[in-house]
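A structural walkthrough
Here is what each chain is made of, one letter per residue.
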Amino acid sequence: TLRNNLIKDNRIGLTMGYGWGGGVCLVDARADLIGNVVTGNHAASLGSGVFVDDGSEATLQNELYFANHCYEGGAGLLVDGLNASVFSKATLINVTIADHACAHGLGQGLMILESNVTMRNTILWNNGAQETFVSKSGTLAASYSNSPQPLPGVGNISADPLFAKSGPAPYH
């Protein structure tokens with residue numbers, strides 16, 4: 001369990017030109033992330049905020065991921081399986097993923113590759129032209145969540161969350 005941490009301003013792969021998981025990287029692991037703030041991290045390739053990889057299973061609850069940067073995609077959260085038979089799984093509950101930037105713009109907020117993601121009461125906002133990307137072999141089951149990119153599922157909306165971006169508690 002990783003609880004109530006500020007994970008900020010980490011850099012991965014700058015000299016090599018590739019690298020994944022600038023803030024948190026889970027590889028073939030089981031983890032609960034609760035109440036963390038992940039911001040200002042950079043990955044030269046993918047998954048600059050949080051990277052759930054290679055058969056990992058993660059529960060992300062009451063998390064805030066904002067303003068992470070990468071070159072390829074999945075700046076806020078990348079969930080990636082090992083191959084077509086070993087998927088990663090992530091459950092998002094009350095997670096905010098906002099204000100990310102990737103040079104190529106593929107799934108800037110949330111990228112899902114060969115993985116299954118379930119999200120509830122989650123906000124994806126201002127993450128570029130493509131908030132989410134789900135590969136053909138991946139799944140996203142969303143409910144009661146908010147994204148400018150319409151999400152299928154029960155209770156999902158596309159409405160400006162009107163974040164307060166200043167003060168000691170941004171994104172409230």
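Along each chain, residues carry numbers from 1 onward, in the same order as the chain's sequence is written. Only residues with pLDDT of 70 or above have their local features reported here, since the model is predicted, and side-chain atom pairs are shown and tallied only from 80 upward, although totals for entire chains, interfaces and linings are computed over all residues. Just so you know, side-chain values use all the structure's heavy atoms and leave hydrogens and water out.

1. A few points about a nonpolar patch on the surface
Patches here are clusters of residues that have more than 30% relative accessible area and form no salt bridge, with a 9 Å joining cutoff for like charges and a 5 Å cutoff for nonpolar side chains (Val, Leu, Ile, Met, Phe, Trp, Tyr). Here, Shrake-Rupley sampling with a 1.4 Å probe gives the accessible areas, and only protein chains in the shown set may cover a residue. The working definition used for a salt bridge is a side-chain nitrogen of Lys or Arg within 4 Å of a carboxyl oxygen of Asp or Glu. Taken together, the side chains of Met 16, Tyr 18 and Trp 20 make up a nonpolar region of the molecular surface, amounting to roughly 340 Å² of accessible area. Elements are defined by DSSP. Helices are runs of H or I of four residues or more, strands are runs of E of two residues or more, and each kind is numbered from the N terminus. Residue position: Tyr 18 is located in the loop between strand S3 (11-12) and strand S4 (24-27). Its relative accessible area of 42% is what places Tyr 18 among the partly exposed residues. Relative accessibility decides the category of a residue: with a 1.4 Å probe and only protein chains considered, values under 20% of the type maximum give buried, values over 50% give exposed, and everything between is partly exposed.

2. Quick look at the side chain of Asn 127
Here Asn 127 lies in the loop between strand S18 (123-125) and strand S19 (132-134). We call two N or O atoms a polar contact when they sit within 3.5 Å, provided that within protein one can donate a hydrogen and the other can accept it, with sequence-adjacent residues counted only if both atoms are side-chain atoms. In this structure the side chain of Asn 127 is engaged in a polar contact, spanning 2.8 Å, whose partner is the side chain of His 100. Polar contacts involving the side chain of Asn 127 include one to the side chain of Glu 131, which spans 2.7 Å. Asn 127 has contacts with Ile 97, Ala 98, Asp 99, His 100, Gln 108 and Gly 109, leaving out every residue within four places of it along the chain. Contact between two residues is taken to exist if any of their heavy atoms lie within 4.5 Å; hydrogens are not considered.

3. Side note on the sheet that holds strand S14 (residues 96-98)
Read across the open sheet, the five strands follow the order S2-S6-S10-S14-S18; overall the sheet is parallel. The two strands at the open ends of the sheet, each matched to only one other strand, are strand S2 (6-8) and S18. Averaged over all neighbouring strand pairs, the angle between strand axes comes to 5 degrees, with direction disregarded. Two strands pair when backbone bridges link them, and S14 and S18 are joined in this way by three bridges, in the parallel orientation. Residue pairing in the sheet places Ile 97 in a bridge with Leu 124 of S18. Strands are labelled as partners when DSSP assigns at least two bridges between them. To get an axis, fit a line to the C-alpha atoms, keeping to the stretch in contact for a helix; angles then go from 0 to 180 degrees between the N-to-C directions.

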